[in-house]
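Descriptive structure summary
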Amino acid sequence: MMSLTVAALTFGIIFLAELPDKTALASLVLGTKYRASYVFAGIAAAFALQVGLALVAGSLLALLPQRWVEGVSGLLFLLGAVMLLWHSEGEDDGHAAKEPSAGTFWKVAGASFAVVAVAEFGDLTQIMTANLAAKYADPLAVGIGSWLALCAVGGIAIVGGQKLLKHVPMKVIVRIAATLMLLLAVFSLVKAVTG
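The written sequence of each chain sets the order in which its residues are numbered from 1. Restriction of local features to residues with pLDDT of at least 70 applies here, the model being predicted, together with a cutoff of 80 or more for giving and counting side-chain atom pairs; totals for whole chains, interfaces and linings are based on all residues. The side-chain values count all of the structure's non-hydrogen atoms but skip hydrogen atoms and water molecules.

1. Here's the deal with the overall build of the protein
- A tally of helices and strands in the protein yields eight helices and zero strands.
- In the protein, the succession of α and β elements from N to C terminus is α-α-α-α-α-α-α-α.
- Taking all 195 residues of the protein together, the buried fraction comes to 45%.
- Working rule for contacts: check all heavy atoms of both residues, and any pair within 4.5 Å makes them a contact. For the protein, contacts bridging at least 24 residues in sequence account for 94% of all contacts bridging at least 6.
- Surface exposure of the protein reaches about 9,900 Å², of which carbon and sulfur atoms provide 73%. The way it works is that DSSP assigns letters per residue, a run of H or I at least four long becomes a helix, a run of E at least two long becomes a strand, and they are numbered from the N terminus. Burial here depends on accessible area, computed with a 1.4 Å probe over protein chains only, as a share of the maximum for the residue type. Under 20% is buried, over 50% is exposed, and the range in between is partly exposed. Residue-level accessible areas treat just the shown protein chains as cover; the underlying method is Shrake-Rupley with a 1.4 Å probe.

This is the structure in structure tokens:
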């Protein structure tokens, strides 16, 4: 049976980590150029592919002894926090809106799928999804939480990204996500050491 707690925790972590990510920015740009529903269909399919790959990687990681999993999880969360803080330095918070252009569903959805699938491959949130799948040994809950978070951020970026950034500075979002990951890193590393 799927754990709603694990799904909710995964959703929160991935949601915050994805907000300042290049994939969210790519979704925002695609949403300003093309019909939002077409873009969303493409990115949702790309996210499903990437979450599936992350769950397979997490299942392999889960084969390690529990102390090793906690240690690797802690280091990956620490790395994630550092990456968030490092990559956010000097980024521009503003984006200019344009009137979306017309295009066929398959053309726009296919282009959106390709852009996001490539951008998300080996991305921080994909690594974090694999990490959470290994840590909680509940791939269904982690997969659903991760996919919903990625789709939510993509949808927000497509429809209201500019409005969100007017009210919540990207630096605040990055700091919240990095703090959450640092806390998870400490928790996992303490469990790895204490057994």
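From this point, the discussion proceeds with the structure in view.
2. Regarding the environment of Phe121
- Structurally, Phe121 is set in the loop between α5 (105-120) and α6 (124-136).
- Judged by relative accessible area, Phe121 falls into the exposed class, the value being 59%.
- What Phe121 contacts, discounting residues up to four positions off in sequence, is Gln50, Leu53 and Gln126.

3. Considering the packing of aromatic side chains
- Ring pairs are drawn from Phe, Tyr and Trp, using the six-membered ring of Trp, whenever the two centres fall within 6.5 Å, and their geometry is named by plane angle: stacked under 30 degrees, edge-to-face over 60, tilted for the rest. Across all of its chains, the model carries three aromatic pairs by this definition.
- Ring centres 5.6 Å apart and planes at 20° place the aromatic pair Phe11 and Phe15 in the stacked group. With Phe11 and Phe15 both in helix α1 (residues 4-18) and four residues apart, the pair spans about one turn of that helix.
- The interplanar angle of 80° and the centroid separation of 5.0 Å between the aromatic rings of Phe105 and Trp106 together place this pair among those described as edge-to-face.
- Accessibility expressed as a relative area gives 31% for Phe105, which makes it partly exposed.
- Feature note: the residues Tyr38, Phe105 and Trp106 constitute an aromatic cluster, connected by ring pairs.
- Look at NZ for Lys and CZ for Arg. If either is within 6 Å of the ring centre and within 35 degrees of the ring normal, a charge sits over the ring. Between Lys135 and the ring centre of Tyr136, over which it is positioned, the NZ or CZ distance is 5.8 Å.

4. Re the environment of Gly42
- Inspection of the secondary structure puts Gly42 in helix α3 (residues 36-61).
- Sequence separation of Gly42 and Ala114 is 72 residues, and the distance between their C-alpha atoms is 8.0 Å.
- Sequence-distant contacts of Gly42, that is, excluding residues within four places in its chain, are made with Ala109, Ser112 and Phe113.

5. Some details on the packing of α1 against α6
- Their axes nearest at 10 Å, the elements α1 and α6 cross at an angle of 160°. With respect to α6, the element α1 is oriented roughly antiparallel. In this structure, the crossing between α1 and α6 has a hand that is right-handed. Where α1 approaches α6, its residues Val6, Leu9, Thr10, Ile13, Ile14, Ala17 and Glu18 are matched on the opposing element by Thr125, Met128, Thr129, Leu132 and Tyr136.
- As a working rule, the residues Ala, Val, Leu, Ile, Met, Phe, Trp, Tyr, Cys and Pro are called nonpolar, Asp, Glu, Lys and Arg charged, and the rest polar, with Gly in that last group. Residues of the contact of α1 with α6, tallied by class, amount to eight nonpolar, three polar and one charged. Note on definitions: angles span 0 to 180 degrees between N-to-C directions of axes, and those axes are lines fitted to C-alpha atoms, for helices only across the stretch in contact. An angle counts as roughly parallel when it lies under 35 degrees, as roughly antiparallel when it exceeds 145, as roughly perpendicular when it falls between 65 and 115, and as oblique in every other case. Each crossing gets its hand from how the near helix is turned against the far one by less than a right angle, where anticlockwise is left-handed and clockwise is right-handed.

6. A word on the side chain of Gln50
- Within the element layout of this structure, Gln50 appears in helix α3.
- Classification of Gln50 by relative accessible area gives buried; the value is 3%.
- Residues contacting Gln50, with those up to four places away along its chain left out, are Ala117, Glu120, Phe121 and Gln126.

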